[in-house]
Amino acid sequence: MKTIRLLYPDYVSGGLETYYFGANLMAHILPSNEAQPLVKVEITPPDREEKPVKDGIYAKDEVLAGIQDAMEKIESENPDRIITIGGNCMVSLAPFDYLHGKYKNTGIIWIDAHPDVSMTKDGYPNAHAMVLGSLMGYGDSALSGQMKNEKFKPDEILYVGLQSLHDYQKQFHSTYFANEELVGDGSGGGRMTMEKLEKVLHVITENSDVAGFTIAEYLPFDEHHLHKIFSDINIFTEK
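Here is a short report on the structure shown in this document.

### Let's talk about the packing of aromatic side chains
Each aromatic ring pair is described using two quantities: the centre-to-centre distance and the angle formed by the ring planes.
Thought 1: Under the counting rule described, the total for this entry stands at 3 aromatic pairs.
Thought 2: Taking 5.9 Å as the distance between ring centres and 90 degrees as the angle between the ring planes, the aromatic pair formed by Y11 and Y20 counts as edge-to-face.
Thought 3: Here F230 and F236 contribute two aromatic rings whose centre-to-centre distance is 5.1 Å and whose plane-to-plane angle is 45 degrees, an arrangement assigned as tilted.
Thought 4: By relative accessible area, which is 38% here, F230 ends up partly exposed.

Written as structure tokens, this is what we have:
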């Protein structure tokens, strides 16, 4: 069984440069495994320049270019399992779509404080908030249109760790979290601890066959700040 690690440091979908730094740092934090090749999605490094909002999506062309490159790299590798190292939540679109095509009986456990079902009409332009809605076919057509396989159904999604929802999110009734009658689904107040997360991950991995695993939105602000401090010191940058 072939497992790849997809390093996908997309930061433009979240509008924050630390996503790029965090993805590359996370690649070093994960346990090493020579049997799992590291495949890199081509993302232009941060240049501290503001990107335009196009059709309601910030840096739309760059977001789509990243998705397309990820899909091409995945298809070329033809893996059985994918560990995606992000970047922000948009990095899950390509690998989850691919795996859904490979394994029909597949669902998503989304561990997040946010439901990520926003649409451009909601007025928030960062595409990382649109990814799960896009995987379900409800997102912006430019994002959902990138998918090559069947969209995920509401009963194939389980949320863990949700915080309180915005009004427009409560109106998105085709998702599991919107049913007010459901209890005990882990949709709490967004106060996940390391200890709780560890328990959740063990429950998932010990009771299911995990084909895809995304680590996204790791934001090591202090380490990134230190990196930027060193970047302004001549001895580190002189040729």
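### Quick notes on unusual backbone geometry
Thought 1: Its identity is not glycine, yet D55 carries a phi of approximately 55 degrees, on the positive side.
Thought 2: With respect to the secondary-structure elements, D55 resides in the loop between β3 (53–54) and β4 (57–58).
Thought 3: The exposed category is assigned to D55, whose relative accessible area is 52%.

### Concerning the nonpolar core
Thought 1: Ranked by internal contacts, the top residues of the largest apolar core, which has 47 residues, are I67, L132, L135 and L143.
Thought 2: Excluding anything up to four places from it in sequence, L143 contacts I57, V63, L64, I67, M90, L93, A127, M130 and S134.
Thought 3: One finds L7, M26, I83 and I215 within the second-largest nonpolar core, a separate group that totals 7 residues.

### What about the pattern of salt bridges?
Thought 1: Following the criterion strictly, the structure yields 9 salt bridges and no others.
Thought 2: Between K121 and D122 there is a salt bridge, with the nearest N and O atoms lying 3.8 Å from each other.
Thought 3: Each member of the salt-bridge network shares a partner with another, and the members are D47, K51 and E62.

### Brief notes about helix α2 (residues 60–77)
Thought 1: Here α2 is 18 residues long and its end C-alpha atoms lie 26 Å apart, about the 26 Å a rise of 1.5 Å per residue gives.
Thought 2: Burial in α2 covers these residues: K60, V63, L64, G66, I67, D69, A70, M71 and I74.
Thought 3: A positive backbone phi angle near 50 degrees is found at N78, which sits one or two residues after α2.

### Details of the side chain of T3
Thought 1: Considering the arrangement of structural elements, one finds T3 in strand β1 (residues 3–8).
Thought 2: Assessed through its relative accessible area of 5%, T3 is described here as buried.
Thought 3: Side chain to side chain, T3 and R81 meet in a polar contact 2.9 Å long.
Thought 4: Ignoring any residue separated from it by four or fewer positions in sequence, one finds T3 in contact with A35, Q36, P37, R81 and I83.

### Notes on a nonpolar patch on the surface
Thought 1: A cluster of nonpolar side chains, L226, I229, F230, I233, I235 and F236, forms an exposed patch at the surface whose accessible area comes to about 600 Å².
Thought 2: Of all the secondary-structure elements, those providing two or more residues to the nonpolar patch are α8 (221–231) and α9 (234–237).
Thought 3: The element best represented in the nonpolar patch is α8, accounting for 3 residues.
Thought 4: As for its position among the elements, I233 is in the loop between α8 and α9.

### Some points on the sheet that holds strand β8 (residues 212–215)
Thought 1: Spatially, 4 strands are ordered β2-β1-β5-β8 in an open sheet, and the strand pairing comes out parallel. Two strands bound the open sheet, and with one partner strand each, they are β2 (38–40) and β8. Taking the axes of each pair of neighbouring strands and ignoring which way they run, one obtains an average angle of 20 degrees across the sheet.
Thought 2: Inspection of the sheet shows β1 paired to strand β5 (residues 81–86) by 6 bridges, in the parallel sense. Considered in β5, the bridge of L6 is made with T84.

Scoring rules and cut-offs
- Residues numbered from 1 in each chain as written.
- Predicted model: local features only at pLDDT ≥ 70, side-chain atom pairs only at ≥ 80, totals over all residues.
- Heavy atoms only, no water.
- Phe/Tyr/Trp six-rings, centres within 6.5 Å; stacked < 30°, edge-to-face > 60°.
- Buried < 20%, exposed > 50% of the residue type's maximum accessible area, 1.4 Å probe, protein only.
- Helix = DSSP H or I, 4+ residues; strand = E, 2+ residues; numbered from the N terminus.
- Core = buried A, V, L, I, M, F, W, Y, C linked by side-chain atoms within 4.5 Å.
- Contact = heavy atoms within 4.5 Å.
- Salt bridge = Lys/Arg side-chain N within 4 Å of Asp/Glu carboxyl O.
- Expected span 1.5 Å × (residues − 1).
- Polar contact = N/O pair within 3.5 Å; in protein donor to acceptor, adjacent residues only side chain to side chain.
- Patch = residues over 30% accessible without salt bridge, like charges linked within 9 Å, V, L, I, M, F, W, Y side chains within 5 Å.
- Areas by Shrake-Rupley, 256 points an atom, 1.4 Å probe, with all protein chains shown as cover.
- Pairing = 2+ DSSP bridges.
- Axes fitted to C-alpha atoms, helices over the stretch in contact; angles between N-to-C directions.

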